Amino acid sequence: MLDILERQKQFFLSDQTKSYEFRKKQLLLLKDAIKSYEQDLIKALYDDLHKSAIEAFTTEIGFVYKSIKTAVKNLKKWMRVKKVKTPFFMIGSKSYMMYEPLGTVLIIGPYNYPFQLVIEPLIGAIAAGNTVVIKPSEYTAETEKVLVKMFDEYFSDSFIKVVTGDKDVTSQLLDLKFDHIFFTGSTEVGKIVYQKASENLIPVTLELGGKSPTIVLKDANLKLAARRIVFSKFLNAGQTCIAPDYIYVDKSVHDEFVEYLKEEIKNQYPDISTMGHIVNQRHYQRLKGLIKKEKIIFEYEKNENGYFLSPIIMGNVSWDDQVMQEEIFGPILPILEFTDIEKVIALLKTKEKPLALYLFTNNKLKMKEVFNRLSFGNGAINEALMQVANPNLPFGGVGQSGMARYHGVYSFRAFSHLKTFTKKSVFFDVKLAYPPYSKGKEKIIRKILK
Ligand code: NAD
């Protein structure tokens, strides 16, 4: 492992990754590589997570094509040296900022979008001019194999290398002196990454998880809310970091809303075999342990095929239930009722800051109130999940749901150092700041620096 790092550092020091032409060429090459492996990827994602071809294309492959396009289109602009204002007392100087690559970076991915969640940061890392080591999740072995093959075929390992293995391998990588670590995964492992990175003062981006609330007020368009919530919750069998984790619904519309949810699940999954599966036995058993039989108000189908878990709605749920004690990350949707939104806001303020928060209402005042008073990484009003698709919005958590952000230009910045410098005229020199000092000089300095 050390030899890969050394080779990548050598290559980085050659300055070849820094030019606009190199970065653009590599981004386009990445697109070619993905195109040529598209069918293998779709198959691998099906084998790993039972993702349908269309889901695999939209959420993993098409998603990154679009990001490559955005990066290629804007790269020159992102790389441009920017001139900023200089205060009058620095007369004769001009001031500038420029983004420079960090060096050799490590990208660690999770299992739920095992392709997209390593390629999306990679696009930022290439655009910013770095060399990259990728450590995909070991849980999605078929996707991992395609990643290895694709990068071996298309890229030199002194520029991009995929390293495979279990958490011990990740742990060994975390002992190395990378210039940045970009981690996507659980809050629990995020803490280990942060701790290890601190030993070498390595900056980190932590894209973590948590319980993302969804609030449905009584004036919301309930049918539409149900459609959008069902889509975002059951996509990838609920294994999406920004999926609604649980719903708070106004008691007066609870029954009507639950009926719409049931209807929507049947509408969107007339054939439930098209839904994704849980990644492995451990998570399958963990999820089963969260279900309280007496609280099930809807279960689509008992189908014990592989790691398929039926969409389940649980009613009359409270914070004492096991399902509210941890991030669900599966197709189980708990419903909590409320009569006073103030109490919901007050309670959510006492919980960890979530990665996402969704609010369904037509009341502009309530929108403002909830979104101003609650903290979260990214949110949506009358929508869920789709906010992630806008490259103009930075994506990331806050508090326990993560630190720093990426997507679009923010990915480029995540893998760059913002270097600044000033340039001074040699045709004249104001000697005010130089010794020897005098009462007269001090008087002028005091006038300027007040
Ligand atoms: P995980 O934290 O278990 O694993 C992520 C990576 O960390 C894997 O590559 C694994 O090899 C490595 N790892 C696991 N244990 C480790 C250890 N002890 N030491 C060092 N490395 C270790 O996460 P997961 O189960 O793959 O993914 C699910 C989690 O990721 C959820 O919490 C979800 O919310 C979160 N997530 C967040 C985002 C986001 O963008 N914020 C996106 C997807 C998933």
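Residues numbered from 1 in each chain as written. Predicted model: local features only at pLDDT ≥ 70, side-chain atom pairs only at ≥ 80, totals over all residues. Heavy atoms only, no water.

Engineer: I'd like a rundown of the overall build of the protein chain, residues and numbers included.
Structural biologist: Secondary structure summary: the protein chain contains 15 helices and 16 strands in total. Principal axes of the C-alpha set define a box for the protein chain whose edges measure 85 × 55 × 40 Å. Classification of the 450 residues of the protein chain by burial places 52% in the buried group. Summarising the internal contacts of the protein chain: among those between residues at least 6 apart in sequence, 72% fall at separations of at least 24. Here the protein chain displays about 21300 Å² of accessible surface, and carbon together with sulfur accounts for 55% of that area. (Helix = DSSP H or I, 4+ residues; strand = E, 2+ residues; numbered from the N terminus. Buried < 20%, exposed > 50% of the residue type's maximum accessible area, 1.4 Å probe, protein only. Contact = heavy atoms within 4.5 Å. Areas by Shrake-Rupley, 256 points an atom, 1.4 Å probe, with all protein chains shown as cover.)

Engineer: Break down the domain arrangement of the protein chain for me, citing the residues and quoting the values.
Structural biologist: As far as domains go, the protein chain holds domain 1 (2-208 + 399-419) and domain 2 (213-389). If you look at the interface, domain 1 gives 17 residues, while domain 2 gives 21 residues. Three residues stand out in domain 1 for area buried against domain 2, namely His50, Tyr111 and Tyr139, and they jointly supply 32% of the buried area on that side. Remark: the boundary between domain 1 and domain 2 carries zero salt bridges. Put simply, domain 1 and domain 2 have 10 residue pairs in polar contact (both at pLDDT 80 or more) between them. Elements with a contribution of two residues or more to the side of domain 1 that touches domain 2: α3 (38-49) and α4 (53-79). Looking at side-chain class alone, the side of domain 1 that touches domain 2 contains six nonpolar, eight polar and three charged residues. (Domains from an automatic or database assignment. Buried area = accessible area lost by both parts, 1.4 Å probe. Salt bridge = Lys/Arg side-chain N within 4 Å of Asp/Glu carboxyl O. Polar contact = N/O pair within 3.5 Å; in protein donor to acceptor, adjacent residues only side chain to side chain. Nonpolar A, V, L, I, M, F, W, Y, C, P; charged D, E, K, R; others polar.)

Engineer: Could you give an account of the packing of helix α2 (residues 20-36) against α3, naming the residues involved and the relevant values?
Structural biologist: Packed helices, taken two at a time, are described by the angle between their axes plus the distance between the axes. Between α2 and α3, the least distance of the axes is 4 Å, while the angle of their chain directions is 60°. Looking at the two axes, α2 sits oblique to α3. In contact with Ile34, Lys35 and Ser36 of α2, α3 contributes Glu38, Asp40 and Leu41. Per-class residue counts for the contact of α2 with α3 are two nonpolar, one polar and three charged. (Axes fitted to C-alpha atoms, helices over the stretch in contact; angles between N-to-C directions. Parallel < 35°, antiparallel > 145°, perpendicular 65-115°, else oblique.)

Engineer: Could you give an account of the sheet that holds strand β9 (residues 246-250), with specific residues and numbers?
Structural biologist: The strand order β10-β11-β12-β9-β8-β13-β14 describes an open sheet built from seven strands, whose pairing is mixed. One side of each edge strand has no neighbouring strand; the edge strands of this open sheet are β10 (296-299) and β14 (378-381). With strand direction ignored, the average angle separating the axes of adjacent strands in the sheet is 20°. As judged from the four bridges shared by β9 and strand β12 (residues 332-338), these two strands associate in the parallel manner. The residue bridging Tyr248 from the neighbouring strand is Leu336, located in β12. (Pairing = 2+ DSSP bridges.)

Engineer: Help me get a handle on the pattern of salt bridges, residues and values and all.
Structural biologist: As enumerated under the stated definition, the model contains 23 salt bridges in all. With a closest N to O distance of 2.7 Å, Lys419 and Glu100 form a salt bridge. Of this pair, Lys419 sits in strand β16 (residues 416-424) while Glu100 sits in strand β2 (residues 93-101); the two residues are 319 residues apart in sequence, bridging distant segments of the chain. Among the residues examined, Lys419 registers a relative accessible area of 30% and is labelled partly exposed.

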